[in-house]
Amino acid sequence: MFNLLVIFLSAVLVNNYVLVNFLGICPFVGVSKKIGPSVSMGLATTFVMTLASAVAWLLNKYILEGLNLQFLQTVSFILVIASLVQLVEMFIKKVSRPLYDALGIFLPLITTNCAILGVALFLVLKQYNFVESIVFGFSAGVGFTLAIVIMAGIREELELADVPRYFKGAPITLIVAGCLALAFMGFSGLI
Amino acid sequence: MNYTSLVYAIISMGGLGLFFSIMLMLANKKLHVEEDPRIALIGDLLPGANCGSCGYAGCANFAEKLVGGESQVTNCPVCGAEAAAKIAEILGVEVSFEERKVAVVFCQGGKGVVKEKARYTGIKSCIAATLVSGGERACAYGCIGYGDCVAVCPFDAIHMNTAGLPEVDRKKCTGCGNCVSACPRNIIQLHPISHHVFVLCRNLDSGRNARAVCNIACIACKICEKAVNGVGFIVENNLAVVDHDKYTKELILPTDKCPTKCIVIVGEADEV
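This structure is a prediction, so every number in the text was calculated from the model and none was measured.

Definitions and cut-offs
- Residues numbered from 1 in each chain as written.
- Chains lettered and ligands numbered in written order.
- Predicted model: local features only at pLDDT ≥ 70, side-chain atom pairs only at ≥ 80, totals over all residues.
- Helix = DSSP H or I, 4+ residues; strand = E, 2+ residues; numbered from the N terminus.
- Buried ≥ 20, exposed ≤ 12 C-beta atoms within 10 Å, placed from the backbone.
- Contact = placed C-beta atoms within 7 Å.
- Axes fitted to C-alpha atoms, helices over the stretch in contact; angles between N-to-C directions.
- Parallel < 35°, antiparallel > 145°, perpendicular 65-115°, else oblique.
- Left-handed = near helix turned anticlockwise from the far one by under 90°.
- Expected span 1.5 Å × (residues − 1).
- pLDDT = per-residue confidence, 0-100.
- Nonpolar A, V, L, I, M, F, W, Y, C, P; charged D, E, K, R; others polar.

**Considerations on the overall build of chain A**
Each helix and strand counted, chain A has 9 helices and 0 strands in total. The N-to-C order of helical and strand elements in chain A reads α-α-α-α-α-α-α-α-α. In chain A, buried positions account for 41% of the 191 residues. In chain A, of all internal contacts separated by at least 6 residues, the share reaching a separation of at least 24 is 80%.

This is the structure in structure tokens:
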């Protein structure tokens, strides 16, 4: 149990996917203009990460390791994640229309999010068991949500700030992201 | 070379791909949601760039809102007139495109027309001159003449003429409004292309003072207002303005009657 807690804290704070590992920067910068959509994006990512880590673990354990085909990890994970997201999207559209509308365009976009592939590859690298993998995927998603919501909060305030003309837009966003990453580096002694 | 792993790799990857494609195919049939067929039709006609300019999350979402009657085709700035017309046909509504707007410069006080009050040797920019003394020209409302509007035009549609006044190329102008916000004197406005008659002066001083600084200034003599019986021209705050809602071509143009010639016909009659 303690083991799972360590994995959770490690993925959320110490090895935050966005701010420490620098994975998934694209949605982190692209969808962090307002808090509302960034929460949706975070939830959708958490959902897909959890699911993808479970499937990736099963695939790796029973097919790739069984046939000694570990070198196909990247390709097969991409294949699985892409199909999975498609399937989930159809399922949600059928079952819960409001949820589908809330996740909107974000769900298919997540397919190409490198943080998802990162989670799948990391859990193989760290040799987690099935339960640990799922917890790892979920906490990586929580970490992503935390980072993107903090970023959106700052950027909403930034709209009102008197930013020098040449720093407006992307430059100031990257500077803020850098400061946030520095702050998260402070967690590195936690575990 | 290890042929076994090659075969395994091909079989397992091909198998996975086949498995997922069959599963998705089945799921697509099984989980199919009945939608208004017009949504798919309109989705095909929209640009598909998911730029978000319409205010919705992507083209598919916009198509749904169109069918639901919550939005209008004209909210999509990317899709052309042809696609918009087709979409409108599917929806059974009519599109009315807004008329193209072009910039109009409301000043004729070029060299030799407006009095000069000083010699300005600072930075050749209207906004810099405004900070110091308002440049060389005596009129406090008119063009300063250093071409800030020319510098910001991304379409090469506004140029300084020999008199030191900006001239708009009405064919090239897209109505983006960059020059409107660049002008520190606010003498550039956007007007529909069908508007041709303008009082090209923004001087709010009394007639005497306006005349003292510029030969082509509106002196608020109200001759134009009287010539059309108050329909089409209104004189307010010492300045005549054209009321484009009421002004029609049938009215006699009081251009000749204006003693200072500040009522001007801009552009060609049949331009679009």
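**Considerations on the overall build of chain B**
The helix and strand inventory of chain B stands at 9 helices and 8 strands. Going through the 272 residues of chain B one by one, you find that 28% of them count as buried. Intrachain contacts of chain B at a sequence separation of at least 6 include 55% that bridge at least 24 residues.

**Brief notes about the environment of S133(B)**
All names here are of chain B. Here S133 lies in the loop between α5 (126-132) and α6 (148-152). The class for S133 is exposed, based on 11 C-beta atoms found within 10 Å. Residues S133 and K117, 16 residues apart in the sequence, show an inter-C-alpha distance of 9.9 Å.

**What about the packing of helix α8 (residues 130-158) of chain A against helix α9 (residues 170-185) of chain A?**
All names here are of chain A. Where α8 contacts α9, the axes come no closer than 11 Å and their chain directions differ by 135 degrees. The orientation of α8 with respect to α9, classified from their angle, is oblique. Crossing geometry of α8 relative to α9 is assigned as right-handed. From α8, I150, M151, I154, R155 and L158 reach across to α9, where they touch I172, T173, V176, A177 and L180.

**A short note on helix α1 (residues 3-30) of chain B**
Because the α-helix completes a turn every 3.6 residues, residues three or four places apart line up on one side. Relative to the 40 Å expected for 28 residues at 1.5 Å per residue, α1(B) spans 40 Å between its end C-alpha atoms, a close match to the ideal helical length. Counting buried positions along α1(B) gives 0 out of 28 residues, so the element sits mostly on the surface.

**Section: the confidence of the model for chain B**
Of all residues in chain B, 93% attain a pLDDT of 70 or more, and the chain-wide mean is 83. Confidence metrics for the complex model read pTM 0.57 and ipTM 0.70.

**Some words on the interface of chain B and chain A**
The interface of chain B with chain A comprises 18 residues on the first partner and 17 residues on the second. With 12 residues, α1(B) is the single largest residue contributor to the side of chain B that touches chain A.

**What about the packing of helix α2 (residues 37-45) of chain B against helix α4 (residues 81-91) of chain B?**
Residues and elements named next belong to chain B. Where α2 meets α4, the axes come as close as 10 Å, and the angle between the chain directions of the two elements is 175 degrees. The angle between α2 and α4 falls in the class roughly antiparallel. The residues of α4 that touch α2, namely those facing R38, L41, I42 and L45, are A83, K86, I87 and I90. Its residues placed into classes, the contact of α2 with α4 shows 6 nonpolar, no polar and 2 charged.

**Section: the environment of G189(A)**
Take G189(A): it is sitting in the segment after α9. Sequence spacing of G189(A) and V14(A) is 175 residues, and the spatial spacing of their C-alpha atoms is 8.0 Å.

**Quick look at unusual backbone geometry**
Both trends apply: most residues other than glycine have a negative phi, and most peptide bonds are in trans. Residue and element names in this part refer to chain A. Of note, N68 is a non-glycine position whose phi angle comes to about 60 degrees, a positive value. Here N68 is to be found in the loop between α3 (35-64) and α4 (73-95). Residue N68 is classed as exposed on the basis of its C-beta count, with 12 C-beta atoms lying within 10 Å. Here Q127, not a glycine, exhibits a phi torsion of approximately 55 degrees, which is positive. Here Q127 lies in the loop between α7 (114-125) and α8.

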